[in-house]
Amino acid sequence: MTPLPLAVSLGDPAGIGPEIIVEAWSRRKDGGTPPFFVVGGPDVLKQAAAKRGLALEIASVSQATDVAALWPDALPVLGEKDCTYTPGQPDADGARLALFSLTEGARLAAQGEAGGLVTAPIAKGELAKVGFTQPGQTEFLADAVGCARDDAVMMLAGPSLRAVPLTVHCALADVPALLTEEMIVRRARIVAAALRRDFGIENPRIAICGLNPHAGEQGRFGSEETTIIEPAIAQLRAEGLPVTGPHPGDALFTPRARKTYDAALAMYHDQALIPIKALDFDEGVNVTLGLPIVRTSPDHGTAFDIAGKALADPGAMMAALRMAGDMAARRAAHG
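Residues numbered from 1 in each chain as written. Predicted model: local features only at pLDDT ≥ 70, side-chain atom pairs only at ≥ 80, totals over all residues. Heavy atoms only, no water.

A.B. asks: I'd like a rundown of the packing of helix α4 (residues 92-110) against helix α6 (residues 137-144), residues and numbers included.
C.D. replies: It is the contact of α4 with α6, at a shortest axis distance of 10 Å, that shows an interaxial angle of 45°. Judged by the inter-axis angle, α4 sits oblique to α6. Where α4 crosses over α6, the two elements pack in a sense that is right-handed. Touching Leu99, Leu102, Thr103 and Ala106 of α4 are Gln137, Phe140, Leu141 and Ala144, all from α6. (Axes fitted to C-alpha atoms, helices over the stretch in contact; angles between N-to-C directions. Helix = DSSP H or I, 4+ residues; strand = E, 2+ residues; numbered from the N terminus. Parallel < 35°, antiparallel > 145°, perpendicular 65-115°, else oblique. Left-handed = near helix turned anticlockwise from the far one by under 90°. Contact = heavy atoms within 4.5 Å.)

Below you can see the structure in the form of structure tokens.
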């Protein structure tokens, strides 16, 4: 089966989302970018293209299946909902457009009218003003497709590293209480299954990071390794998964160490995101594992400070589109 074109949500229209979307389309021939359509914002996209000096023709589509024919000559956009394009100046109208685009994109992917969903960056504070109640897009999408939030696992992926933060948007002081043996086992299983299904890795190797310095030094610097993380690793190994750890966080991301695993499970947000952004900032992709739909996103924010200045690098958006296309193709091939 040939996968359907991808849906792309606009993100906050005052950010760099519209620019990197139109730039990704303009480089479609040399970037290996799969066909996609954007949900909403035709005038925003035209103006964003003009800011970058691009001539952009918009093609309106009524169904995602029309995209393949339109794709070579125009950027397909589904829906006429729009707002005033004010780069660097987020407002309520832009937030409402961003929320519409995200909601409709999720619906299309869930109903099988799109091969997957690629989400441009949002401003959660702006969205909260217009009714967005989830911590982020990952939780929003889990709710939208009827998936338990605990089963929606964030993975950051780039050419050099795949890293999964087991706890995400919470205070660092709250992390130890959130870690449980059951949670580590459950999410490691989800990661392993996704690496097999979506990335074609038949026998995925997973490295699990410790929480404390030196992975606790046998209890001298903390007990979480011995009481929570090591029992989880033992259970996963008993199930036949090639899991190692707990590894000290300061040693797990060296070039030599990265050759020994396919994904690293980190205990908290920055433990995973600092190395991926240091290594692969312009090609880093945020992937949501465990969902019934394919979902990726560039691993950066709205960058309001450079929006509309033709400075935004589209590399991460192009990488997110390519990764989503590859994942969709693998799912289509396996039914």
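A.B. asks: Would you mind going over the pattern of salt bridges in detail, with residue names and values included?
C.D. replies: A complete count under the given rule lists 14 salt bridges for this structure. Arginine 52 is the salt-bridge partner of glutamate 23, the closest N and O atoms lying 2.7 Å from each other. Linking glutamate 23 in helix α1 (residues 17-26) with arginine 52 in the loop between α2 (42-51) and β3 (58-60), this pair joins segments that are 29 residues apart in sequence. Here glutamate 23 and arginine 52 have matching classes, each one buried. Residue lysine 129 is joined to glutamate 126 by a salt bridge in which the shortest nitrogen-to-oxygen separation is 3.4 Å. The class of lysine 129 is exposed, set by a relative accessible area of 65%. Among the ionic contacts, a cluster of salt bridges with common partners joins Glu19, Glu23, Arg27 and Arg52. (Salt bridge = Lys/Arg side-chain N within 4 Å of Asp/Glu carboxyl O. Buried < 20%, exposed > 50% of the residue type's maximum accessible area, 1.4 Å probe, protein only.)

A.B. asks: Can you break down α4 residue by residue, with the values?
C.D. replies: Under the 1.5 Å per step criterion, the end-to-end length of α4 is 27 Å for 19 residues, consistent within 8% with the ideal 27 Å. Listed in full, the buried residues belonging to α4 are Gly94, Ala95, Leu97, Ala98, Leu99, Ser101, Leu102, Gly105, Ala106, Leu108 and Ala109. Where α4 begins, the capping side chain belongs to aspartate 91, and its oxygen is found 3.3 Å from the backbone nitrogen of aspartate 93. Just downstream of α4, glycine 112 is the residue with a positive phi angle, here 80°. (Expected span 1.5 Å × (residues − 1). Polar contact = N/O pair within 3.5 Å; in protein donor to acceptor, adjacent residues only side chain to side chain.)

A.B. asks: Could you give an account of the environment of threonine 138, with specific residues and numbers?
C.D. replies: With respect to the element layout, threonine 138 can be found in helix α6. Here threonine 138 falls in the buried class, since its relative accessible area comes to 9%. For the pair threonine 138 and valine 8, spaced 130 residues apart in sequence, the C-alpha to C-alpha distance is 15 Å. Aside from chain neighbours lying at most four places away, what touches threonine 138 is Ala152, Met154, Thr288 and Arg295. A distance of 3.2 Å separates polar atoms of two side chains, one belonging to threonine 138 and the other to arginine 295.

A.B. asks: Outline the packing of α1 against helix α12 (residues 315-333), listing residues and values.
C.D. replies: Orientation of α1 relative to α12, taken along the N-to-C sense of each, is 65°, at an axis distance of 9 Å. The handedness of the crossing between α1 and α12 comes out as right-handed. Two secondary-structure elements touch here, α1 through Ile20, Ile21 and Ala24 and α12 through Met317, Met318 and Leu321. Tallied by class, residues from the contact of α1 with α12 come to six nonpolar, no polar and no charged. (Nonpolar A, V, L, I, M, F, W, Y, C, P; charged D, E, K, R; others polar.)

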